[in-house]
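Structural overview for review
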Amino acid sequence: MLLALDDAISTAVLAGRGADAEIHGVIDVSNKTEARIGAISLGHAIQFVANASVLGYDVRGAMVLYGEPGTPSLRIWDCEHLWAQYGGALLQPEREAP
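Residues numbered from 1 in each chain as written. Predicted model: local features only at pLDDT ≥ 70, side-chain atom pairs only at ≥ 80, totals over all residues. Heavy atoms only, no water.

Moving on to the pairing of strand S1 (residues 20-24). Where burial is concerned, the two faces of S1 differ: the one with Ala21 and Ile23 is buried and the one with Asp20, Glu22 and His24 is not. Across two bridges, the pairing between S1 and strand S4 (residues 40-41) is antiparallel. Residue aspartate 20 lies in a different strand from S4, and its bridge partner there is serine 41. The pairing of S1 with strand S6 (residues 63-66) spans four bridges and is antiparallel. Residue pairing across strands places alanine 21 opposite tyrosine 66, the latter belonging to S6. (Buried < 20%, exposed > 50% of the residue type's maximum accessible area, 1.4 Å probe, protein only. Helix = DSSP H or I, 4+ residues; strand = E, 2+ residues; numbered from the N terminus. Pairing = 2+ DSSP bridges.)

Written out as structure tokens, the structure reads:
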């Protein structure tokens, strides 16, 4: 069942990778304040959260919000998994059907 849920999340994220997303709960370690990150695409938000710890951010409490209200947020482990699995494909523009 968990695999089916992961597949559903992956499919939804890939389909909406260009949609607007918000990131909350990222702490700038240098000044210990919450980082203000403007609206960015979902793919870029996933990339940022997956790699933010090496850039000096604490993302243990990070949430990526996207989609319609009620869509589950993505947490650090979701972002790391999605980035490891799809990488640069998350940053590519969505292709329209022919």
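After that view, the rundown keeps rolling.
Here we have three strands laid out as an open sheet, ordered S3-S2-S5, and antiparallel in their pairing. Looking at the sheet topology across the chains shown, the edges are occupied by strand S3 (33-34) and strand S5 (57-58). Judged from the two bridges that link them, strand S2 (residues 27-28) and S5 form a sheet pairing that is antiparallel. What sits directly across from isoleucine 27, in S5, is aspartate 58.

Taken residue by residue, the protein chain gives an average pLDDT of 86. The fraction at 70 or more is 89%. Ranking the elements of the protein chain by mean pLDDT puts helix H1 (residues 2-15) last with 69 and S5 first with 96. (pLDDT = per-residue confidence, 0-100.)

Our focus in this paragraph is the sheet that holds S6. Across the sheet, three strands lie side by side as S4-S1-S6; this open sheet has antiparallel pairing. Unpaired on one side and paired on the other, S4 and S6 mark the two borders of the sheet.

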